[in-house]
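The chain contents come next:
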Amino acid sequence: AAAMANPLAAFTLIKRLHSEWLNVVFSNEALENAQALRSSYEEERAELPRLADLQGAARGLMRLQDVYALQVSGLASGRFRRVTDGVPTDVYLPSKAVLLSGDDCFLVGKVAYEQQDYYHSVQWLEESVRLFRGAGRRWSPENEGTLEDALDHLTRRSVSQELLHHDPTNGRVLKNVEEYENLLASAAPPGGGGLRRPGSTHLRTRGTYERLCRTQGSQPMHFRNPRLYCDFFTNGRPALLLRPVRREVLSLRPLVVLFHDFVTDAEAEGVKGLAQSGLRRSVVAAGEKQAAADYRISKSAWLKDSAHSVVEKLDQRISLVTGLNVKHPYGEYLQVVNYGIGGHYEPHFDHATSPSSPVFRLKTGNRVATFMIYLSSVEAGGSTAFIYANFSVPVVERAAIFWWNLHRNGEGDEDTLHAGCPVLIGDKWVANKWIHEFGQEFGERRCGLSPVE
Ligand SMILES: O=C(O)CCC(=O)C(=O)O
Ligand SMILES: [Fe+2]
């Protein structure tokens, strides 16, 4: 699992399990032992990564490339490097470099290509060609030099018909030439102009979001705003008197508070363990329903307080420090979230912004507050970014972050727009407790955690 913390290692492992094993199984060398190999493959098949997993991992690498402004050539040589104004800086220095092969880069380029994403396709295919050439290696899985040739021409941005003369009956070559002609037609629009990154326009706040992610957690507010502070917080509760919680006020508008050492390592491990078997691809509100979406990539599971005493204990502690009723249905069950390779949650609101939202199914009003516990650390990336409030919070292991989503009048606070930045290196786990409007006496809204307006 530690090796999987590196997205390059995770990608190459998934690729190996998905496709390279197949190459072995169906190779000529395997003919003699074919039956044994194939049946063992069939047995393992359900457990093996599927094509969608491989594509997801490739897209994850491209996402990291974009958000952290990483160079493709750096990634291929196992480095997480950014170049700003011609000056290269290491965003993260892995202790052990995982190199990508020409074939690995080709696959990323192909995934992009198939999604008509020529911006990434060209970069990764070019890197693939560079590696094939530099390494002086043959195109082994396909056993044909033609693809390499096609890629070679791709870098010169002109597919030559001469390729067809090698073997005009070779359907594979024909298909490649046709594909790359299409690629070039779209990649180099007449009149020039660089390729645009796909999807870079759909998110209005992308610029701010990525800037906040790149700083990997920064709280410039502390220096600018003397009203921000740290203290030991008891919330006037006898239960907290003996062990006050170290509270750090990160922002006043919106009010965002970090509670340090909110959970112990043992509790975090316990919660992760309980969630493990229930983890499924996370969904988001889509009209009245819920659906998977590219803007939220993670797995999650819901834990009832009855699942284990550790969950019940956390519920009680959340209630103690927030002064809010978090019992279902006034609080939702604990949502445990695990972000894998390039996992993220792009800018969003936790509260419902439409009356038909599934959030209202509990009939306890909207999500008035969010209480999120960081159950793990990460080595790089994965900060929680507050877009309009213009700050990001690094993953602080064992800490919990709290904010109000709604104004006092029940209207959504737009300033809470926030995101989970893509995880660059590591395995990020959080647990969300969403607290609803009803069932609260709002004692706290007058004192300790009082929101603005
Ligand atoms: O993972 C994070 O840092 C943020 C997660 C989040 O916003 C959510 O799950 O709603
Ligand atoms: Fe959120």
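Residues numbered from 1 in each chain as written. Chains lettered and ligands numbered in written order. Predicted model: local features only at pLDDT ≥ 70, side-chain atom pairs only at ≥ 80, totals over all residues. Heavy atoms only, no water.

The chain has the name Prolyl 4-hydroxylase subunit alpha-3 in an unreviewed UniProt entry, where Salarias fasciatus is given as its organism. Under the UniProt heading Function (unreviewed entry), the note attached to the chain is "Catalyzes the post-translational formation of 4-hydroxyproline in -Xaa-Pro-Gly- sequences in collagens and other proteins." The annotation that UniProt attaches to the chain under Catalytic activity (unreviewed entry) is "L-prolyl-[collagen] + 2-oxoglutarate + O2 = trans-4-hydroxy-L-prolyl-[collagen] + succinate + CO2". (UniProt positions renumbered as here; feature names shortened; annotations may be inferred.)

(A) The arrangement of the state of the cysteines in detail. Applying the stated criterion across every chain, the model contains one disulfide. Covalently, C213 is tied to C421 through a disulfide, its sulfur atoms 2.1 Å apart. Every disulfide takes its handedness from the sign of the S-S torsion; for C213 and C421 that torsion is -90°, giving left-handed. Here C213, found in helix α10 (residues 206–214), pairs with C421, found in the loop between β18 (418–420) and β19 (423–425); they are 208 residues apart in sequence, far enough to count as distant. When sorted by exposure, C213 lands in the same class as C421, which is buried. (Disulfide = S-S within 2.5 Å. Helix = DSSP H or I, 4+ residues; strand = E, 2+ residues; numbered from the N terminus. Buried < 20%, exposed > 50% of the residue type's maximum accessible area, 1.4 Å probe, protein only.)

(B) Quick look at the pairing of strand β5 (residues 255–259). In terms of residue burial, β5 counts as a mostly covered element, since five of its five residues are buried. With five bridges joining them, strand β4 (residues 245–252) and β5 adopt antiparallel strand pairing. Bridge pairing in β5 links V249 to V257. Between β4 and the antiparallel strand that follows it, β5, lie two residues. Of the strand pairs in this sheet, β5 and strand β17 (residues 400–404) are connected by four bridges, and their pairing is antiparallel. Following the sheet pairing, V256 is matched in β17 by W403. (Pairing = 2+ DSSP bridges.)

(C) How the structure looks around the environment of L93. Mapping L93 onto the fold places it in the loop between β2 (87–92) and α5 (102–114). Looking at L93, the relative accessible area reads 59%, which means it is exposed. Taking the C-alpha atoms as reference, L93 lies 8.6 Å from R81; in sequence the two are 12 residues apart.

(D) Molecular detail of the packing of aromatic side chains. Taken as a whole and assessed by the stated rule, the structure comprises 11 aromatic pairs. Here F80 and Y92 contribute two aromatic rings whose centre-to-centre distance is 6.1 Å and whose plane-to-plane angle is 70°, an arrangement assigned as edge-to-face. Here F80, found in strand β1 (residues 80–84), pairs with Y92, found in strand β2; they are 12 residues apart in sequence, far enough to count as distant. Here F80 falls in the buried class, since its relative accessible area comes to 0%. Where F233 meets F259, the ring centres are 6.0 Å apart and the plane angle is 35°; that geometry is what we call tilted. Of this pair, F233 sits in strand β3 (residues 230–233) while F259 sits in strand β5, placing them 26 residues apart in sequence. This pair shows no difference in class: F233 is buried, exactly as F259 is. Each residue in the set F233, F259, F262, F371, F402 and W404 is aromatic and connected to the rest through ring pairs, giving one cluster. Lying across the ring of F262, R317 places its NZ or CZ 5.7 Å from the centre. For the cation-ring pair, R367 lies above W434, with the distance from its terminal atom to the ring centre recorded as 3.8 Å. (Phe/Tyr/Trp six-rings, centres within 6.5 Å; stacked < 30°, edge-to-face > 60°. Lys NZ or Arg CZ within 6 Å of the ring centre and 35° of its normal.)

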